[in-house]
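Take a look at the letters that make up each chain.
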Amino acid sequence: MKSLSISEKRASIYCSIGVTSAQRVCTAVLKGGDMPCKLPVCELIQCQLTLFYNYWHMNEVLETLLPESIVVPTGFETVGHIAHLNLGEEQLPYKKLIAQVVLDKNWPKIQTVVNKIDAIQNDYRTMQLEILAGNHSLVTTVVENGIKFLVDLAKVYWNSRLATERQRLVRSFTSSDVVCDVFSGVGPITISAAKKVKYVYANDLNPHAVEYLERNVVLNKLDRKIEAFNMDGRRFIESLFSSQRSYPITQVIMNLPNEAVEFLDAFRGIFRRRARADSCSLPRIHIYGFSKALNPEFDFHERINMALCETVIDIKIYRVRLVAPGKWMLCASFILPKNVAFEQPSWEGEAKEQV
Ligand SMILES: C[S@@+](CC[C@H](N)C(=O)[O-])C[C@H]1O[C@@H](n2cnc3c(N)ncnc32)[C@H](O)[C@@H]1O
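Attention in this report is confined to the structure presented alongside it. (Residues numbered from 1 in each chain as written. Predicted model: local features only at pLDDT ≥ 70, side-chain atom pairs only at ≥ 80, totals over all residues.)

1. Comments concerning the overall build of the chain
Thinking step 1. For the chain, the helix and strand inventory stands at 11 helices and 13 strands.
Thinking step 2. Within the span of the chain, comprising 355 residues, buried residues form 32% of the whole. (Helix = DSSP H or I, 4+ residues; strand = E, 2+ residues; numbered from the N terminus. Buried ≥ 20, exposed ≤ 12 C-beta atoms within 10 Å, placed from the backbone.)

So, in structure tokens, the structure goes:
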């Protein structure tokens with residue numbers, strides 16, 4: 001039998017052979033004797049394999065680099081090109097290292113890594129963010145449910161976790177609806193609704209949010225279907241309902257979960273100057289809120305009743321998501337009660353009595 005040269009033996013390593021055959025071949029080659037039969041020949045080579053940084057997964061690198069006592073961050077939220085970490089106290093001394101690994105392992109999709117500094121507290125619901133790695137731009141484009149939104153995380157509110165809820169809400173609208181989005185932000189609900197409904201009036205107190213809302217309206221070619229306002233929610237409700245708009249509003253969205261209930265009293269008497277027969281155009285209100293109560297639905301319903309000074313009978317309350325242990329975000333939907341919409345201010349009644 002023809003003995004194989006080293007290169008032929010090496011080449012034969014690539015042959016596809018069964019485990020038993022491979023063992024026999026190896027034994028024969030190592031013994032240096034002739035082959036017992038016409039089996040492919042292979043050679044065992046001892047070598048050192050160096051696996052570089054690129055080979056390892058993000059978590060494996062972090063596990064190796066961080067001290068054992070530090071919990072490795074398991075993931076991050078993504079907003080466009082921005083990775084948003086939520087680091088705990090004990091991880092903070094390693095924030096730059098963690099951010100760099102997150103950036104390296106997720107580039108080019110991720111180009112900036114930030115960490116939330118504080119809980120959202122201000123009126124505009126914006127986050128205090130520290131840029132830890134990558135480029136310093138917090139202006140990004142987010143694609144949600146196939147729609148593009150331009151946002152500046154330094155100046156406006158954005159929460160990707162509400163994408164499914166926004167979809168659920170918009171799905172309940174019809175093509176004949178006219179929507180009023182009292183706390184619209186940069187327009188995730190407004191724009192997605194405008195693709196389906198007849199018209200949307202959108203408002204936000206934050207001028208930057210309104211600027212981005214207007215850009216998003218243009219970006220999505222919806223300028224004929226959306227009108228943007230920059231005022232306080234209460235004034236917006238009062239002025240929108242007191243003037244005779246070309247499109248009567250059928251749906252109202254109030255997505256400011258911490259405080260929206262406190263704005264409900266703005267609906268008291270909104271139709272006081274109209275004939276009561278107009279009641280067919282009473283809008284459906286969708287209001288968001290938080291509750292830590294044992295019975296969150298009961299608690300939220302009670303607060304709505306109190307704000308309207310009326311018992312809302314036909315109300316649907318949906319659990320959106322748990323935002324913290326024991327704390328629910330809820331969405332209540334109900335038709336504005338006729339008595340609330342047509343309520344006369346008490347001083348008007350008193351004045352009539354005197355006459
Ligand atoms: C929780 S965010 C919701 C934004 C948007 N609906 C979304 O889903 O992204 C609440 C928005 O209400 C705005 N806001 C806060 N106080 C307001 C007020 N008094 N009147 C109108 N808008 C207000 C904030 O600027 C913020 O954009």
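2. Some details on the site of the ligand
Thinking step 1. Taken together, 20 residues lie around the ligand, and Phe-183, Gly-185, Leu-205, Asn-206 and Gly-233 are the ones closest in.
Thinking step 2. Partitioned by chemical class, the residues of the shell around the ligand number 9 nonpolar, 7 polar and 4 charged.
Thinking step 3. In this structure, the shell around the ligand is formed jointly by two domains, domain 2 (54–137) and domain 3 (159–347), each of which donates at least three residues. (Near = placed C-beta within 6 Å. Nonpolar A, V, L, I, M, F, W, Y, C, P; charged D, E, K, R; others polar. Domains from an automatic or database assignment.)

3. Observations concerning the sheet that holds strand 2 (residues 82–85)
Sheet strands pair via backbone hydrogen bonds, and the direction of the pair is either parallel or antiparallel.
Thinking step 1. The strand order across the open sheet formed by 4 strands is 1-2-3-4, and the pairing between neighbours is mixed. What marks the edges here is a single partner per strand, and that holds for strand 1 (77–79) and strand 4 (129–134). Between one strand axis and the next, the sheet turns through 30° on average, direction left out of account.
Thinking step 2. Relative to strand 3 (residues 112–116), strand 2 runs parallel, the two being bridged by 4 bridges. Across the sheet, the residue bridging to Leu-85 is Asn-115, located in strand 3. (Pairing = 2+ DSSP bridges. Axes fitted to C-alpha atoms, helices over the stretch in contact; angles between N-to-C directions.)

4. Describing the sheet that holds strand 11 (residues 284–291)
Thinking step 1. Ordered in space as 9-8-7-10-11-13-12, the 7 strands form an open sheet in which the pairing is mixed. Of all the strands in the sheet, just strand 9 (226–229) and strand 12 (315–324) have a single pairing partner and so form its edges. In this sheet, adjacent strand axes meet at a mean angle of 15° when their direction is disregarded.
Thinking step 2. Across 8 bridges, strand 11 lies against strand 13 (residues 327–335) in antiparallel orientation. For Ile-287, the partnering residue across the bridge sits in strand 13 and is Ala-332.

5. Focus on the pairing of strand 10 (residues 251–254)
Thinking step 1. Of the two faces of strand 10, the one carrying Gln-251 and Ile-253 and the one carrying Val-252 and Met-254 are both buried.
Thinking step 2. In terms of strand pairing, strand 7 (residues 178–181) meets strand 10 through 3 bridges, oriented parallel. Bridged to Val-179 within strand 10 is Gln-251.
Thinking step 3. As judged from the 4 bridges shared by strand 10 and strand 11, these two strands associate in the parallel manner. Looking at strand 11, one finds that Ile-253 is bridged to His-286.

6. Things to note about the environment of Asn-216
Thinking step 1. By the element assignment, Asn-216 lies in helix 7 (residues 207–219).
Thinking step 2. Note: C-alpha distance between Asn-216 and Val-151 (65 residues apart in sequence) is 8.9 Å.
Thinking step 3. Once you skip the residues sitting within four places of it in the chain, Asn-216 turns out to touch Phe-149, Leu-150, Val-186, Gly-187 and Ile-191. (Contact = placed C-beta atoms within 7 Å.)

7. A closer look at the environment of Trp-158
Thinking step 1. Inspection of the secondary structure assignment puts Trp-158 in the loop between strand 6 (147–152) and helix 5 (163–171).
Thinking step 2. On a C-alpha basis, the gap between Trp-158 and Thr-126 in space is 7.9 Å, while along the polypeptide they are 32 residues apart.
Thinking step 3. Sequence-distant contacts of Trp-158, defined by excluding residues within four places in its chain, comprise Val-79, Val-142, Val-151, Leu-153 and Val-186.

8. Some words on the pairing of strand 12
Thinking step 1. Judged by how many residues are buried, strand 12 sits mostly at the surface: 1 of 10 residues are covered.
Thinking step 2. Counted between consecutive antiparallel strands, the loop separating strand 12 from strand 13 contains 2 residues, among which Gly-326 sits at a positive phi close to 80°.

9. What to know about the nonpolar core
Thinking step 1. Val-113 and Met-254 are the most contacted members of the largest nonpolar core, which has 83 residues in total.
Thinking step 2. The contacts of Met-254, once residues within four sequence positions are left out, are Val-182, Phe-183, Ala-260, Phe-263, Ile-285, His-286, Ile-287 and Tyr-288. (Core = buried A, V, L, I, M, F, W, Y, C linked by C-beta atoms within 7 Å.)

10. Let's talk about unusual backbone geometry
Thinking step 1. The residue after Trp-107, namely Pro-108, is reached through a cis peptide bond having omega 10°.
Thinking step 2. At Arg-125, a residue that is not glycine, the phi angle is positive and equals roughly 60°.
Thinking step 3. Structurally, Arg-125 is set in the loop between strand 3 and strand 4.
Thinking step 4. C-beta crowding within 10 Å serves as the criterion here: with 21 such atoms nearby, Arg-125 is assigned to the buried category.
Thinking step 5. Even without being glycine, Lys-221 reaches a positive phi, approximately 55°.
Thinking step 6. Mapped onto the elements, Lys-221 comes out in the loop between helix 7 and strand 9.
Thinking step 7. You can call Lys-221 exposed: it has 8 C-beta atoms within 10 Å.

11. Structural notes on the packing of helix 3 (residues 58–65) against helix 4 (residues 95–106)
Thinking step 1. Interaxial distance between helix 3 and helix 4 falls to 10 Å at its minimum, and their mutual angle equals 155°. The pairing of helix 3 with helix 4 is recorded here as roughly antiparallel in orientation. The handedness of the crossing between helix 3 and helix 4 comes out as right-handed. In contact with Met-58, Val-61, Leu-62 and Leu-65 of helix 3, helix 4 contributes Leu-97, Ile-98, Val-101, Val-102 and Lys-105.
Thinking step 2. A breakdown of the residues in the contact of helix 3 with helix 4 according to their chemical character gives 8 nonpolar, no polar and 1 charged. (Parallel < 35°, antiparallel > 145°, perpendicular 65-115°, else oblique. Left-handed = near helix turned anticlockwise from the far one by under 90°.)

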